[in-house]
Amino acid sequence: ASGWAERVQTDPSTPPAPAQTLPPLRQELTLNPAPAAPDGSPTWTLHDPAANRFYELGWPAFEILSRWSLGTVDAVVAAVNAQTTLSVDAEDVVALAQFLGGHHLFLAATPQDSVLLAQAAARHKLSIPRWLLKNYLFLRVPLVQPMPFLRRVYPWISFVYRPGFWWLTLGVVVLGLYLVSRQWDSFVHTFHAYTTWQGLLGLGIALSFAKVLHELGHAFTAYRHGCRVPTMGIALLVMWPVLFTDTNEAWKLKSRRARLQIGGAGVLAELMLAAYATLLWNFLPDGPLRAGVFMLATSTWLVTLAINVSPFTRFDGYYLLSDWVNVPNLHERTFALGRWWLRE
């Protein structure tokens, strides 16, 4: 089987594309080089801006799409086999056409196309109860468009991307933890502040500040790598509000290292905040300011390491693991493999 066929899923309810004439593709689709596949072969990312979805295609699919304008299956097969070292046949082209049609990537130019689109929309339309059941786990509410802010502020914070800053931060971590160890009883005793309503309020404020910095870390790092950040806002996770940043354009990047930097920027921003807050706690006198710094330090360390880094929830740790092992749709594939094991 062709390598690309293992990475795409077709809609079985979509009628097969014509065996000879190839329908035209939508003009706004874009192809971007992607990281190499595990076997070393090149891959590309097909971006559908209307749905804001990204599809990973292998080398054969790319070569077929590059010659799609030839108009017929036979012409595409002949061109690919003559101009590359690949060997494809009509079934490969038709299978790719089925995949493209199943995701509505063809140009809708006839009444029949409109009917097919209406039928697809009707199949996916949910009643209000079913929509609530499907979306209560995760519902996004965009609030701001951060690009103007990122452009203005980035020159002032670009120093945080220099290696020297992170070596300094590492030294701050070591020094802060060393000083805390010398007054450990006082540090641990401060945890009693969490048992009062004032302490819980302060904890909420500290976590909110840390999470804003977390999302700005994602946004600034994506901007640094040339990605557009269209929205930031609040997501309701099982009706619990959390912040989110739309960094989907990271899928356009060819470098897996750049994707990992964007995915890990939020955690690093929080850990940086915790490091400097820990050091500052050692030098402040007792009072509200020292208590606030303590909450910034401890809540950030605990929440970041317990939640964000975990790969078992779909937070940063999950996406970092997916990029690290180079397995797109890791969540869906994991559950599919789990169901297969259960059936066996």
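Residues numbered from 1 in each chain as written. Predicted model: local features only at pLDDT ≥ 70, side-chain atom pairs only at ≥ 80, totals over all residues. Heavy atoms only, no water.

1. Thoughts on the sheet that holds strand β1 (residues 30-34)
Strands sit in the order β1-β2-β3 across an open sheet of three strands; the sheet is antiparallel. Of all strands in the sheet, those with a lone pairing partner are β1 and β3 (53-58), marking the two edges. This sheet shows a mean twist of 30° between the axes of neighbouring strands, independent of strand direction. (Pairing = 2+ DSSP bridges. Helix = DSSP H or I, 4+ residues; strand = E, 2+ residues; numbered from the N terminus. Axes fitted to C-alpha atoms, helices over the stretch in contact; angles between N-to-C directions.)

2. What to know about the packing of helix α2 (residues 73-83) against helix α3 (residues 90-102)
One can describe the packing of α2 onto α3 by two numbers: an axis separation of 9 Å at closest approach and a directional angle of 120°. It follows from the interaxial angle that α2 and α3 lie oblique. The crossing of α2 and α3 is right-handed. Contacts between α2 and α3 involve V73, V76 and V77 on the former and, on the latter, A90, V93 and V94. Split into classes, the residues belonging to the contact of α2 with α3 amount to six nonpolar, no polar and no charged. (Parallel < 35°, antiparallel > 145°, perpendicular 65-115°, else oblique. Left-handed = near helix turned anticlockwise from the far one by under 90°. Contact = heavy atoms within 4.5 Å. Nonpolar A, V, L, I, M, F, W, Y, C, P; charged D, E, K, R; others polar.)

3. Digging into the packing of helix α1 (residues 59-66) against α3
For any two helices packed against each other, one specifies the inter-axial angle together with the distance between the axes. In the contact formed by α1 and α3, the axes pass within 11 Å of each other and the chain directions differ by 85°. Taken together, α1 and α3 sit at an angle that is classed as roughly perpendicular. Packed against α1, whose contacting residues are A61, I64 and L65, the element α3 presents D92, V93, L96 and L100 at the interface. Among the residues forming the contact of α1 with α3, the class breakdown is six nonpolar, no polar and one charged.

4. Topic: unusual backbone geometry
Look at N52: it is not a glycine, yet its phi comes out positive at around 55°. Tracing the backbone through its elements, the reader meets N52 in the loop between β2 (43-48) and β3. In the Ramachandran plot, H104 falls in the positive-phi region, its phi being about 60° despite a non-glycine side chain. Here H104 shows up in the loop between α3 and α4 (111-124). Since its relative accessible area comes to 33%, H104 is described here as partly exposed. (Buried < 20%, exposed > 50% of the residue type's maximum accessible area, 1.4 Å probe, protein only.)

5. Focus on the pairing of β3
Extensive coverage of β3 is indicated by the burial of five of its six residues. Looking at chain direction, β2 and β3 are connected through six bridges and run antiparallel. Counterpart to W44 in the pairing with β3 is L57.

6. Section: the pattern of salt bridges
Applying the stated criterion across every chain yields a total of six salt bridges. A salt bridge links R26 to E28; the nearest nitrogen and oxygen atoms lie 2.7 Å apart. Taking relative accessible area as the criterion, E28 reaches 37% and is therefore assigned partly exposed. Here R228 makes a salt bridge to E249, at a shortest N to O gap of 3.5 Å. A residue pair is termed long-range when its members are at least 10 positions apart, and R228 in the loop between α9 (197-224) and β5 (232-237) and E249 in the loop between β6 (240-245) and α10 (256-281) qualify at 21 residues. Relative accessible area serves as the criterion here: at 46%, R228 is assigned to the partly exposed category. Under the relative-accessibility criterion, E249 is labelled buried at 14%. Within this structure, R26, E28 and D48 form a network of salt bridges that share partners. (Salt bridge = Lys/Arg side-chain N within 4 Å of Asp/Glu carboxyl O.)

7. Comments concerning the side chain of T169
Secondary-structure assignment places T169 in helix α7 (residues 163-182). Only 3.1 Å separates the side chain of T169 from the side chain of Y276, close enough to count as a polar contact. For T169, the contacting residues outside a window of four places in its chain are M272, A275 and Y276. (Polar contact = N/O pair within 3.5 Å; in protein donor to acceptor, adjacent residues only side chain to side chain.)

8. Describing the nonpolar core
Grouped together as the largest cluster of nonpolar side chains are 23 residues, with contacts concentrated most on L46, I64, W68, V93, L96 and L100. Looking at this core, the elements that each hand over two or more residues are β3, α1, α2 and α3. Sorting elements by how many residues they give to this core places α3 first, with six residues. Residues within four places of W68 in sequence aside, it is in contact with L22, P23, L25, V76, V93, L96, A97, L100 and F106. (Core = buried A, V, L, I, M, F, W, Y, C linked by side-chain atoms within 4.5 Å.)

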